[in-house]
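The primary structure of each chain is shown beneath.
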Amino acid sequence: QVQVVESGGGLVQPGGSLRLSCAASGSIYSIYAMAWYRQAPGKQRELVAAITSGGSTNYADSVKGRFTISRDGAKNTVYLQMNGLKPGDTAVYYCYVDAVVVGAGPIRRYWGQGTQVTVSS
């Protein structure tokens, strides 16, 4: 099937930057939308940013102007560049990939296991 692995999380001071990566691998025929969600302790999972196969992007209001989502089709990878990080950005960040598997039917959504981002002085 499809494996999705996030990386790049860690501890950063307020105002700092991190770049998250999410790589999809396996029997992939085609990838469509890719996106980042996050979940802070005691809160619901929320959309951070999404990008379509055509490159259109969508951001949560709370991260507009600070975060940038991008993708590398050749590597089946989506990135999240996070600048101007705030303590409120602390959360586990999850990636999903909408993909079609070789030899199999409709688009399915595949989630990664998440990567922790902690913003603290």
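Because the structure is predicted, anything quoted here is derived from the model rather than measured.

Asks: Is there a simple way to explain the sheet that holds strand E3 (residues 18-26) in this structure?
Replies: In any sheet, the strands associate via hydrogen bonds between backbone groups, in a parallel or an antiparallel arrangement. With antiparallel pairing, the four strands of this open sheet are ordered in space as E1-E3-E8-E7. The sheet is open, and its two edges are formed by strand E1 (2-7) and strand E7 (67-72), each paired on a single side. Averaged over all pairs of adjacent strands, the angle between strand axes in this sheet comes to 15°, irrespective of strand direction.

Asks: Just to check I follow, could you spell out the nonpolar core for this structure?
Replies: Most often, soluble globular proteins keep nonpolar side chains buried together rather than apart. The biggest cluster of nonpolar side chains holds 33 residues, and the ones touching the most others in it are Trp36, Leu80, Met82 and Tyr93. Going through the elements one at a time, E1, E3, strand E4 (28-39), strand E5 (46-51), E7, strand E8 (77-82), strand E9 (91-101) and strand E11 (115-119) are the ones with two or more residues in this core. With six residues, E9 is the single largest residue contributor to this core.

Asks: Which parts of the structure should I look at to understand the pairing of E9?
Replies: A regular strand places its side chains so that they alternate between the two faces of the sheet. Across the eleven residues of E9, ten count as buried, placing the element largely inside the fold. Sheet topology places E4 next to E9; nine bridges connect them, and they run antiparallel. When the bridges of E9 are listed, isoleucine 28 appears paired with valine 101. Pairing of E9 with E11, which is carried by three bridges, proceeds in the antiparallel orientation. Of the residues in E11, the one forming a bridge with valine 92 is glutamine 116. Pairing of E9 with strand E10 (residues 108-111), which is carried by four bridges, proceeds in the antiparallel orientation. In the sheet register, valine 97 faces E10, and the bridge partner there is tyrosine 110. Between E9 and E10, which follow one another and run antiparallel, lie six residues, and glycine 103 among them has a positive phi close to 80°.

The rules behind each value
Residues numbered from 1 in each chain as written. Predicted model: local features only at pLDDT ≥ 70, side-chain atom pairs only at ≥ 80, totals over all residues. Heavy atoms only, no water. Pairing = 2+ DSSP bridges. Helix = DSSP H or I, 4+ residues; strand = E, 2+ residues; numbered from the N terminus. Axes fitted to C-alpha atoms, helices over the stretch in contact; angles between N-to-C directions. Core = buried A, V, L, I, M, F, W, Y, C linked by side-chain atoms within 4.5 Å. Buried < 20%, exposed > 50% of the residue type's maximum accessible area, 1.4 Å probe, protein only.

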